[in-house]
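So the chains spell out like this:
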Amino acid sequence: MDTLATVLYILIALALSIYFLLDGYTLGVGLNMPFLGHKQVREHAIHSVIPFWDANQTWLVFAVSALYGAFPALYSTILPAFYIEIVVLLMLLFVRGIVFEFYEKFSRPALFQTLLFLTALAAAYLQGAIATQLLMGQGLSDEPGHGDIWQYESALGGAVFILGYAVLGSAWLRMTISQTSTGKQSAYRLTLGIVALLMLVLWIVVCLIEQPLLASRVGERGGIIAGLSAVGIVGAVLARRLTNNRTASFLWAACSVLLLTSIVYVCIYPDLLIGSPAEEGAIASHASLLFLLVGLAIALPLIVTYTLYSYRSLLKS
């Protein structure tokens with residue numbers, strides 16, 4: 001993989017990590033909806049993400065657009081293999097957007113809260129199942145529609161994403177809403193965190209056992225992984241020392257997401273997929289990569305500015 005392709009790979013990886021973090025807590029708020037108890041708390045929870053949800057999804061658009069331009073063969077492999085799942089996922093995100101935009105205009109908030117939970121549950125599962133299939137190099141063939149999101153590895157991945165997003169959403173609510181600081185909610189967050197950690201460990205073990213190439217990459221790049229882990233631990237310690245408990249909880253969850261995604265990207269580089277090394281034509285031509293990089297260099301500052309502008313009220317507090 002040449003230098004331009006590597007730079008674009010890093011930009012795509014960064015955009016996906018930011019998406020998993022930002023839209024992850026948005027989906028997580030929906031996943032926490034049945035466990036918030038009081039009606040007023042649920043109202044505050046929804047209003048805590050309405051100003052931000054659309055900016056969060058911009059990072060997914062950025063990542064997919066860059067993937068299409070830089071690695072067309074990979075894009076044309078993933079889309080046919082999972083076209084049903086991807087279309088359903090996009091429709092779920094679309095319905096969630098409708099819930100946010102029209103929430104104030106209807107007199108049945110309970111119905112919309114239930115819809116928000118169900119769309120978040122299904123979207124998180126699909127993201128986890130598809131990501132697991134891609135990580136394992138499964139479900140990819142010349143014929144469309146062969147992704148199997150109900151294999152036990154994929155089901156574990158879907159559960160990990162659901163629980164992980166729920167942890168992110170719970171940490172976000174703890175940071176932004178004081179009403180969630182009851183003893184009952186603290187016990188819920190602790191239980192959720194423990195279950196999510198156990199499920200994550202189980203998923204990692206299964207993936208390493210079922211995909212020997214992935215396990216060998218982990219062994220080969222253990223030093224890099226250890227370095228990333230050290231950076232994550234230092235970041236978590238600094239977050240605890242420099243912020244209050246509420247903010248530190250979200251920053252810890254954010255560090256975990258960024259650390260895990262970074263380890264995955266390190267393990268699959270320079271292959272486009274584990275078990276499916278880049279073939280001739282998998283990467284766009286040098287001229288196309290250069291053109292795309294110039295375009296992304298213009299778009300990226302605009303997206304960052306838009307995201308920061310969306311979060312301006314939170315950054316001021």
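Residues numbered from 1 in each chain as written. Predicted model: local features only at pLDDT ≥ 70, side-chain atom pairs only at ≥ 80, totals over all residues. Heavy atoms only, no water.

*Asks:* Please explain the overall build of the protein as it appears in this structure.
*Replies:* For the protein, the count of helices and strands is 13 helices and zero strands. Going from N to C terminus, the protein has its helices and strands arranged as α-α-α-α-α-α-α-α-α-α-α-α-α. The C-alpha radius of gyration of the protein comes to 20 Å, within 12% of the 20 Å expected for a compact globule of 317 residues. Along the first, second and third principal axes, the C-alpha atoms of the protein reach 55 × 40 × 40 Å. Split into buried and exposed, the 317 residues of the protein put 45% on the buried side. Sequence-distant contacts, at least 24 apart, represent 82% of the contacts inside the protein between residues at least 6 apart. By element, 71% of the accessible surface of the protein is carried by carbon and sulfur atoms, the whole surface being about 15,600 Å². Taking the average location of the 15 positive side-chain charges in the protein and that of its 16 negative ones, the two points are 24 Å from each other. (Helix = DSSP H or I, 4+ residues; strand = E, 2+ residues; numbered from the N terminus. Rg over C-alpha atoms; globule rule 2.2 N^0.38 Å. Buried < 20%, exposed > 50% of the residue type's maximum accessible area, 1.4 Å probe, protein only. Contact = heavy atoms within 4.5 Å. Areas by Shrake-Rupley, 256 points an atom, 1.4 Å probe, with all protein chains shown as cover. Lys, Arg positive; Asp, Glu negative; His and termini not counted. Charge placed at Lys NZ, Arg CZ, Asp CG, Glu CD.)

*Asks:* I would appreciate a short explanation of the pattern of salt bridges in the present structure.
*Replies:* For the structure on display, the rule yields one salt bridge. A salt bridge links Arg96 to Asp23; the nearest nitrogen and oxygen atoms lie 2.9 Å apart. Placement of the pair is Arg96 in helix H5 (residues 83-102) and Asp23 in helix H1 (residues 3-32), with a sequence separation of 73 residues. Among the residues examined, Asp23 registers a relative accessible area of 0% and is labelled buried. (Salt bridge = Lys/Arg side-chain N within 4 Å of Asp/Glu carboxyl O.)

*Asks:* Could you clarify how one ought to interpret the nonpolar core in this entry?
*Replies:* Generally speaking, soluble globular proteins have nonpolar side chains that are buried together. By size, the foremost hydrophobic cluster in this structure holds 91 residues, and its most contacted members are Leu8, Tyr25, Phe71, Tyr165, Leu168 and Trp172. With 17 residues, the top contributor of residues to this core is H1. Among residues more than four places away in sequence, those in contact with Trp172 are Tyr25, Val29, Ser48, Val49, Phe52, Phe250, Tyr311 and Leu314. (Core = buried A, V, L, I, M, F, W, Y, C linked by side-chain atoms within 4.5 Å.)

*Asks:* Mind showing me how you'd approach the packing of aromatic side chains here?
*Replies:* Applying the stated criterion across every chain, the model contains 15 aromatic pairs. Through a chain of ring-to-ring contacts, the aromatic side chains of Tyr25, Phe52, Trp172, Phe250 and Tyr311 assemble into a single cluster. Of note, Arg312 hangs over the ring of Tyr309, and the distance from its end group to the ring centre comes to 4.1 Å. (Phe/Tyr/Trp six-rings, centres within 6.5 Å; stacked < 30°, edge-to-face > 60°. Lys NZ or Arg CZ within 6 Å of the ring centre and 35° of its normal.)

*Asks:* When you look at a nonpolar patch on the surface in this model, what are you seeing that I'm missing?
*Replies:* Taken together, Val87, Met91, Phe94, Ile98, Phe102 and Phe106 make up a surface patch of nonpolar side chains, about 580 Å² in accessible area. Structurally, Met91 can be placed in helix H5. (Patch = residues over 30% accessible without salt bridge, like charges linked within 9 Å, V, L, I, M, F, W, Y side chains within 5 Å.)

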